[in-house]
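Results of the structural survey
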Amino acid sequence: MDPIARILGAWSQELTAGAVALRLGLAILLGAIAGCERSEKRHAAGLRTFILVTLAGAICMMLDVYLGSRYLISAAAVIGVAILSVNSVLYSSKSQIKGLTTSVALWACGVIGLTIGAGLYTVSVIGYAALMCCLALFPTFEIDLKNRSNHFEIHLELTSSAHLRDFVTTLRRLGMRIDDIESNPAY
């Protein structure tokens, strides 16, 4: 039996009205906290999106458990969240992927919703804590790694190709190596 469910009592493992309310409330709470973190950073998929994805996962899993359908509905939910996640990834005009972290976080919240719906409270809470560590704490480490790197990108808006030639000449005089130059006529 799940350790948290053992503390709560046997009622939390059944599909009683109280257990359903607990599971949906926990899904809303965890989805909201993850959504706040993304909204705070002005990502399109924010508070409501994360709540809805986590809530949908919990409802699908409870429906699977109730119907004894061997996880067909929850599998469909995972596929649905995967499609939603893929659609949240954008390609900028510079052929860079944007929204990948949000996409994966949505998928993770869907899976956490499934674990909540299954009554696996300990897995849900520990998995959620790991997700929030990745979203809230690891960016600091990632920034530190980028700051230590000797590779960086420079985006320039030039009015003439002659200015690019001057810029490249200056960089080479400073002993810097240029790996790639990409022109974007849209600017």
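These remarks concern the structure in this document.

Some points on the side chain of Thr122
Tracing the sequence through the fold places Thr122 in helix 6 (residues 121-148). Taking relative accessible area as the criterion, Thr122 reaches 16% and is therefore assigned buried. Among the polar contacts made by the side chain of Thr122, one reaches the main-chain amide nitrogen of Ile4 at a distance of 3.2 Å.

Some thoughts on helix 2 (residues 17-40)
Across its 24 residues, helix 2 extends 34 Å between first and last C-alpha, which sits within 8% of the 34 Å expected from 1.5 Å per residue. Residues Ala19, Arg23, Leu26, Ala27, Leu30, Gly31, Ala32, Ala34, Gly35, Glu37 and Arg38 constitute the buried set of helix 2. Of the residues flanking the end of helix 2, it is Arg42, one or two places downstream, whose phi is positive at about 60°.

A closer look at the environment of Leu22
Within the secondary structure, Leu22 is located in helix 2. A sequence separation of 10 residues divides Leu22 from Ser12, and the C-alpha atoms of the two residues are 7.8 Å apart. If we ignore the near neighbours within four places in the chain, the residues touching Leu22 are Leu8, Trp11, Ser12 and Tyr121.

Thresholds applied
- Here the residue numbering is sequential within each chain, running from 1 through the sequence in written order.
- Side-chain atom pairs in this predicted model are given and counted only at pLDDT of 80 or more, local residue features only at pLDDT of at least 70, and totals for whole chains, interfaces and linings cover all residues.
- Hydrogens and water are ignored here; the side-chain numbers use all heavy atoms of the structure.
- Where helices and strands are cited, they refer to DSSP runs of H or I of at least four residues and of E of at least two residues respectively, numbered from the N terminus.
- Only protein chains enter the accessibility calculation, which uses a 1.4 Å probe; a residue is then buried when its area is under 20% of its type maximum, exposed when over 50%, and partly exposed in between.
- Polar contact is defined as a pair of N or O atoms within 3.5 Å, subject to the rule that within protein one atom must be able to donate a hydrogen and the other to accept it, and that residues adjacent in sequence are counted only when both atoms are side-chain atoms.
- Residue count minus one, scaled by 1.5 Å, sets the expected span of a helix.
- Whether two residues are in contact is decided by their heavy atoms: any pair within 4.5 Å suffices.

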